[in-house]
Amino acid sequence: MVFVAGEVVAPGDPRVVLEGQWGHQPGLAITVNSGSRISFTFNGTAVQALFDVGGLTTAPHLWVTIDDGEPTLYAVQQPVIELTAEVGVHKVEIVVKDVNEHANRWNPPFECAVVFAGLVLDADTRLRLAGRPGGPRLEFYGDSITQGVRALSAHPESEGADGTKSFAYLTARALGGSAYQVGFGRQGVVRTGNGEVPSGLESFGWNFAGSVAERVEEPDLVVLNLGVNDETLSAAQYGEYLRVVRSAYGNSEIVALSPFSGKYASEIEAAVKTADDPRIRYVGTDGWITEADCTDGVHPSVDGHAKIATRLTEELRPLL
């Protein structure tokens with residue numbers, strides 16, 4: 001489709017709502033995390049969403065929804081996604097389904113990332129100012145499970161992954177909140193992740209290398225689900241991770257989940273007790289899911305993530 005261009009809208013325009021972990025460069029908003037979202041409302045018939053795909057070797061996957069329609073899957077290999085509708089007012093949501101965990105997504109120039117370059121409106125289309133996300137602010141830090149890897153199937157690449165099926169994404173929606181969903185495959189508290197990602201201790205507080213994760217305000221609640229990938233993990237090491245998170249967020253509620261496999265549960269519980277902080281809580285997840293709730297014995301299926309989200313929502317609701 002070719003149309004007469006009207007207004008060009010930058011990613012930082014207040015009429016464009018970005019949710020999740022986004023880094024900013026002149027004229028660009030960049031995320032390397034599944035579950036991040038772009039939303040806007042337009043009055044008219046056509047919008048082009050622009051993406052910088054230069055240098056990418058692996059296409060990120062997006063879900064695009066207009067109004068209450070079914071999401072459409074896009075592998076972002078071209079710089080333009082055409083969005084069209086009947087004349088009227090329309091709400092668009094673009095959600096990152098997956099940023100491939102195996103490609104470099106930490107050190108620019110990236111092999112896989114969502115690099116949003118703004119919108120181009122047709123001559124008769126206008127953006128409307130939409131409200132910012134309401135409700136509590138939640139942040140989730142975890143590994144491939146938080147990322148949504150292999151949620152759809154045991155396929156090891158983006159075909160099997162979906163950040164919108166992750167327990168983190170589902171829990172935030174159930175609680176009516178906005179979420180920063182940060183999940184990196186293979187990452188542990190002290191173990192590095194895939195895609196050149198540092199350990200949880202070293203990556204916390206960064207969008208990616210060279211880009212500090214700036215927050216306008218502290219989150220109401222931070223959920224930690226790291227540890228299962230660590231080859232060894234002591235209570236002291238997890239305690240250091242808690243101190244890093246607490247130093248960044250002095251007033252937030254922090255919930256340390258045991259890995260769903262049960263690995264290092266006692267070490268994590270001991271670290272929380274040692275912290276002696278009334279706003280840091282340990283939540284054991286033993287029995288929340290079984291191997292039957294996973295696509296490969298380890299990564300939860302869509303139904304497995306839904307089970308986790310149901311239990312976690314029950315745990316978190318009283319804290320909010």
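Residues numbered from 1 in each chain as written. Predicted model: local features only at pLDDT ≥ 70, side-chain atom pairs only at ≥ 80, totals over all residues. Heavy atoms only, no water.

S.K.: Talk me through the overall build of the protein; I want residue IDs and the actual numbers.
M.R.: Tallying secondary structure elements over the protein gives 6 helices and 17 strands in all. Its C-alpha atoms give the protein a radius of gyration of 19 Å, within 12% of the compact-globule value 20 Å for 320 residues. With respect to the three principal axes, the spread of C-alpha positions in the protein is 60 × 35 × 35 Å. Counting across all 320 residues of the protein, residues that qualify as buried make up 55%. (Helix = DSSP H or I, 4+ residues; strand = E, 2+ residues; numbered from the N terminus. Rg over C-alpha atoms; globule rule 2.2 N^0.38 Å. Buried < 20%, exposed > 50% of the residue type's maximum accessible area, 1.4 Å probe, protein only.)

S.K.: Explain the packing of helix α2 (residues 167-174) against helix α6 (residues 302-316) to me, using residue names and the numbers behind them.
M.R.: It is the contact of α2 with α6, at a shortest axis distance of 8 Å, that shows an interaxial angle of 45°. Classified by the angle between their axes, α2 and α6 sit oblique to one another. Handedness of the crossing formed by α2 with α6: right-handed. Packed against α2, whose contacting residues are Phe167, Leu170, Thr171 and Ala174, the element α6 presents His305, Ala306, Ile308, Ala309, Leu312, Thr313 and Leu316 at the interface. Residues belonging to the contact of α2 with α6 are distributed by class as follows: 8 nonpolar, 3 polar and no charged. (Axes fitted to C-alpha atoms, helices over the stretch in contact; angles between N-to-C directions. Parallel < 35°, antiparallel > 145°, perpendicular 65-115°, else oblique. Left-handed = near helix turned anticlockwise from the far one by under 90°. Contact = heavy atoms within 4.5 Å. Nonpolar A, V, L, I, M, F, W, Y, C, P; charged D, E, K, R; others polar.)

S.K.: Please set out the pairing of strand β17 (residues 280-283) residue by residue, giving values where relevant.
M.R.: Pairing analysis gives 4 bridges linking strand β16 (residues 253-257) to β17, with the strands arranged parallel. Considered in β17, the bridge of valine 255 is made with arginine 281. (Pairing = 2+ DSSP bridges.)

S.K.: For unusual backbone geometry, give the residues involved together with the corresponding values.
M.R.: In this model, proline 108 is joined to proline 109 through a cis peptide bond whose omega is 0°. Among the secondary structure elements, proline 109 is positioned in the loop between β8 (80-98) and β9 (114-122). In the Ramachandran plot, aspartate 67 falls in the positive-phi region, its phi being about 55° despite a non-glycine side chain. Summarising the element assignment, aspartate 67 is placed in the loop between β6 (61-66) and β7 (72-75).

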